[in-house]
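Below are the chains, spelled out letter by letter.
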Amino acid sequence: WEDRTPGYPIIYHAWRRSDWRWESRPIPNSAGRRPAACVDPNGRLHVAFQTGEDSLTSGDILYTCLQDGNWSPLQLISSGNSPAAGVALAADSSGMLHAVWRERRQNADVIGYASGRPSVWSAMQTISPLLDRGAFPDLAIARDGRLHVAWDHTEVLEHVQTGAAGSRWMPVEMAAAEFYR
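Rules and cut-offs
- Residues numbered from 1 in each chain as written.
- Predicted model: local features only at pLDDT ≥ 70, side-chain atom pairs only at ≥ 80, totals over all residues.
- Heavy atoms only, no water.
- Helix = DSSP H or I, 4+ residues; strand = E, 2+ residues; numbered from the N terminus.
- Polar contact = N/O pair within 3.5 Å; in protein donor to acceptor, adjacent residues only side chain to side chain.
- Contact = heavy atoms within 4.5 Å.
- Pairing = 2+ DSSP bridges.
- Axes fitted to C-alpha atoms, helices over the stretch in contact; angles between N-to-C directions.
- Phe/Tyr/Trp six-rings, centres within 6.5 Å; stacked < 30°, edge-to-face > 60°.
- Buried < 20%, exposed > 50% of the residue type's maximum accessible area, 1.4 Å probe, protein only.
- Lys NZ or Arg CZ within 6 Å of the ring centre and 35° of its normal.
- Core = buried A, V, L, I, M, F, W, Y, C linked by side-chain atoms within 4.5 Å.

## As for the side chain of Gln 50
Here is step 1 of the chain: Here Gln 50 is to be found in strand 5 (residues 45-50).
Here is step 2 of the chain: From its side chain, Gln 50 meets the backbone nitrogen of Gly 86 in a polar contact 2.6 Å long.
Here is step 3 of the chain: Those residues within four positions of Gln 50 in sequence are excluded, and the remaining contacts are Gly 32, Arg 33, Arg 34, Asp 60, Ile 61, Ala 84, Ala 85, Gly 86 and Phe 136.

In structure tokens:
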């Protein structure tokens, strides 16, 4: 979770000790906001978060993993060239990690995607058209391995999915629309 008690946002994690009491600590070097977490099939905890504000004036998406009681060094998974915010994170049945987020490009937003395993991530792919106003994306993985990503684009909910087992991205489609009069 995000806590601003020290005067700036920092990401914390908690666990239940063997005596059933809870303990919490900040993730090392995790000054950031809006954390997303998932657990892979091997039981490892993965966390991604944004370093900037929601306004997309600055910031990146960073990733870390808890392995054998220690947090891995932070890794940049957004492009690093443009402000990014609003990450969603999921692990598939093979342990492959998938992340989506909003990134500023050409005075508009795009939805970015990357996949990887601890310490090795793909380069960012843009999976949406330019968005004049887009909200944070969400990510789900179906039993057949297809990735599903949805986001709010003005008053329209847009959706994109991969082919079987995450093979390639299909065209973006409108999932729902809300018309204001």
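## Structural notes on the sheet that holds strand 17 (residues 173-177)
Paired through their backbone hydrogen bonds, the strands of a sheet run either parallel or antiparallel.
Here is step 1 of the chain: Judged by pairing direction, the sheet is antiparallel, and its 4 strands sit side by side in the order 14-15-16-17 without closing on themselves. Across the chains shown, the open sheet's two edge strands, defined by having one partner strand only, are strand 14 (138-141) and strand 17. For this sheet, the mean inter-axis angle between neighbouring strands, taken without regard to orientation, is 25 degrees.
Here is step 2 of the chain: Sheet topology places strand 16 (residues 156-161) next to strand 17; 4 bridges connect them, and they run antiparallel. Counterpart to His 159 in the pairing with strand 17 is Glu 173.

## Looking at the packing of aromatic side chains
Here is step 1 of the chain: Counted under the stated rule, the structure contains 3 aromatic pairs.
Here is step 2 of the chain: Where Tyr 113 meets Trp 169, the ring centres are 5.0 Å apart and the plane angle is 75 degrees; that geometry is what we call edge-to-face. Residue Tyr 113 is found in strand 11 (residues 108-117), and its partner Trp 169 is found in the loop between strand 16 and strand 17; the two are separated by 56 residues along the sequence. Accessibility assignment for this pair places Tyr 113 and Trp 169 in one class, buried.
Here is step 3 of the chain: A cation sits over an aromatic face here: Arg 102 above Phe 136, 4.9 Å from the ring centre.

## Side note on the nonpolar core
Here is step 1 of the chain: Ile 61, Ile 77, Val 87, Leu 89, Ala 99, Trp 101 and Trp 121 are the most contacted members of the largest nonpolar core, which totals 17 residues.
Here is step 2 of the chain: Residue contacts for Trp 121: discarding those within four places in its chain leaves Tyr 63, Gln 75, Ile 77, Leu 89, Leu 97, Ala 99, Ala 114, Ser 115 and Gly 116.
Here is step 3 of the chain: Of all hydrophobic cores here, the second largest spans 13 residues; its members include Ala 88, Tyr 113, Ile 127 and Val 149.

## Re unusual backbone geometry
Here is step 1 of the chain: With a phi close to 50 degrees, Asp 68 is a non-glycine residue in the positive phi region.
Here is step 2 of the chain: Locating Asp 68 in the fold gives a position in the loop between strand 6 (61-67) and strand 7 (70-71).
Here is step 3 of the chain: Residue classification places Asp 68 among the exposed residues on the basis of a relative accessible area of 80%.

Bear in mind that shape data such as this cannot, by itself, settle questions of function.
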